[in-house]
Amino acid sequence: MTKKFLSMAAIAALCASCMTSCDDDDDDAITTITFEEFGLAKDSVSIGYDVTEKNITFDNFYSDDYYGMPYNSGFTLSSMTDMETAGYMNQYSVYATSGAGNSTAFVIYNFCSDSCFIKAKTAFEPKSVDVCLTTYTYLSAKNGDDYAKKFGNDDWFAATFTGYDESGSEVGSVEVKLIDGASWMDSWTNVDLSELGKVNKIFISFDGSDKGDWGLNTPAYIALDNLKVKF
């Protein structure tokens, strides 16, 4: 039998080819939720509906009569980019000129007790997500308003992504500082979620330095785009 010997250059090339193939396989296995398939028109919002794309659902809570008035919370599909108007009436705008990567659509999440999740019918591995401050939160923290203080150098505002398995047990969490002193997440930023591991659902909670008798004063909102998961 004739033995075949490979040069170091050939071995290196072979290894590089193998690694590229493996990387390609990994890329092919990743599902990206972009929110573009809904065809949402620029500067519009879709209130009162769960958002489901590629087997991932973003829960929404809506009531026509919630303590005597309409109420919408959880995840809301949006393409609003008004970076100037302060206050609650502009709660669905991201503090950016577009979605992540110059896209049109994204979701705005505002705190929804414990009933709104990012979820799937089967377990999945979150890989990353693009996040940004909303205009409502940004301008409230920058200037202060009737309910929240103007932030100083010692103030902070954070969102925590917590993963749960099929039984409802917590499996991991990732904290994202949206405002941390002089550092503000005022443009789309990619956040690594791989530490969550394999989950069936994700819950987002908020915390910060500006609190009162009723909890957090800073508007508890975050914009999300391009969630990457592996099934």
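Above this note sits the structure.
Rules used throughout
- Residues numbered from 1 in each chain as written.
- Predicted model: local features only at pLDDT ≥ 70, side-chain atom pairs only at ≥ 80, totals over all residues.
- Heavy atoms only, no water.
- Buried < 20%, exposed > 50% of the residue type's maximum accessible area, 1.4 Å probe, protein only.
- Helix = DSSP H or I, 4+ residues; strand = E, 2+ residues; numbered from the N terminus.
- Pairing = 2+ DSSP bridges.
- Contact = heavy atoms within 4.5 Å.
- Core = buried A, V, L, I, M, F, W, Y, C linked by side-chain atoms within 4.5 Å.
- Phe/Tyr/Trp six-rings, centres within 6.5 Å; stacked < 30°, edge-to-face > 60°.
- Disulfide = S-S within 2.5 Å.

K.L.:
Describe the pairing of strand β16 (residues 221–230), listing the residues and the values that go with them.
P.N.:
With 8 of its 10 residues buried, β16 lies for the most part within the structure. Relative to β16, strand β1 (residues 30–33) runs antiparallel, the two sharing 4 bridges. Paired with T32 across the two strands is K228, which belongs to β16. Where strand β7 (residues 106–110) lies against β16, 4 bridges are found, and the strand directions are antiparallel.

K.L.:
Residues and numbers for helix α2 (residues 135–143), please.
P.N.:
Within α2, 7 of the 9 residues are buried, leaving the element largely enclosed by the surrounding structure. Of the positions making up α2, those classed as buried are T135, Y136, T137, Y138, L139, S140 and A141. Turning to α2, the residues buried within the fold contact β9 (156–164), β10 (170–180), β11 (183–184) and β16. At the C-terminal side of α2, G144 shows a positive phi close to 80 degrees.

K.L.:
Describe in detail the nonpolar core, supporting the description with residues and values.
P.N.:
Grouped together as the largest cluster of nonpolar side chains are 47 residues, with contacts concentrated most on V131, F161 and L224. If sequence neighbours within four positions are ignored, L224 has contacts with F35, F75, F106, V107, I118, V129, D130, V131, F161, W188 and I204. Residues Y92, A100, W188 and Y221 belong to the second largest nonpolar core, which totals 11 residues.

K.L.:
Run through the packing of aromatic side chains, naming residues and quoting values.
P.N.:
Counted according to the given criterion, the structure contains 18 aromatic pairs. Measuring from centroid to centroid gives 6.3 Å for Y88 and Y136, while their planes differ by 75 degrees, and the two rings are edge-to-face. Note that Y88 is positioned in the loop between β6 (69–78) and β7 and Y136 in helix α2, a separation of 48 residues in sequence. A relative accessible area of 12% places Y136 in the buried class. Ring plane angle 50 degrees and centroid distance 6.3 Å describe the contact between F124 and F231, whose orientation is recorded as tilted. In this pair, F124 is assigned in strand β8 (residues 118–132) and F231 in the segment after β16, connecting sequence segments 107 residues apart. The exposure class assigned to F124 is buried, which follows from its relative accessible area of 0%. Given a relative accessible area of 42%, F231 falls into the partly exposed group. An aromatic cluster is built from F35, F58, F75, Y109, F157 and F206, whose rings are joined through pairwise contacts.

K.L.:
Please set out the state of the cysteines residue by residue, giving values where relevant.
P.N.:
Under the counting rule described, the total for this entry stands at 1 disulfide. Across the disulfide from C112 sits C116; the S-S distance is 2.2 Å. By relative accessible area, C112 is classed as buried at 3%.

K.L.:
So, the pairing of β8: which residues are in play, and what are the values?
P.N.:
With 2 bridges connecting them, strand β4 (residues 56–58) and β8 associate as antiparallel partners. Considered in β8, the bridge of T57 is made with K119. Inspection of the sheet shows β8 paired to strand β13 (residues 199–208) by 3 bridges, in the antiparallel sense. When the sheet's bridge partners are listed, F124 is paired in β13 with V199. Inspection of the sheet shows β8 paired to β16 by 6 bridges, in the antiparallel sense. Pairing of S128 across the sheet is with K228, part of β16.

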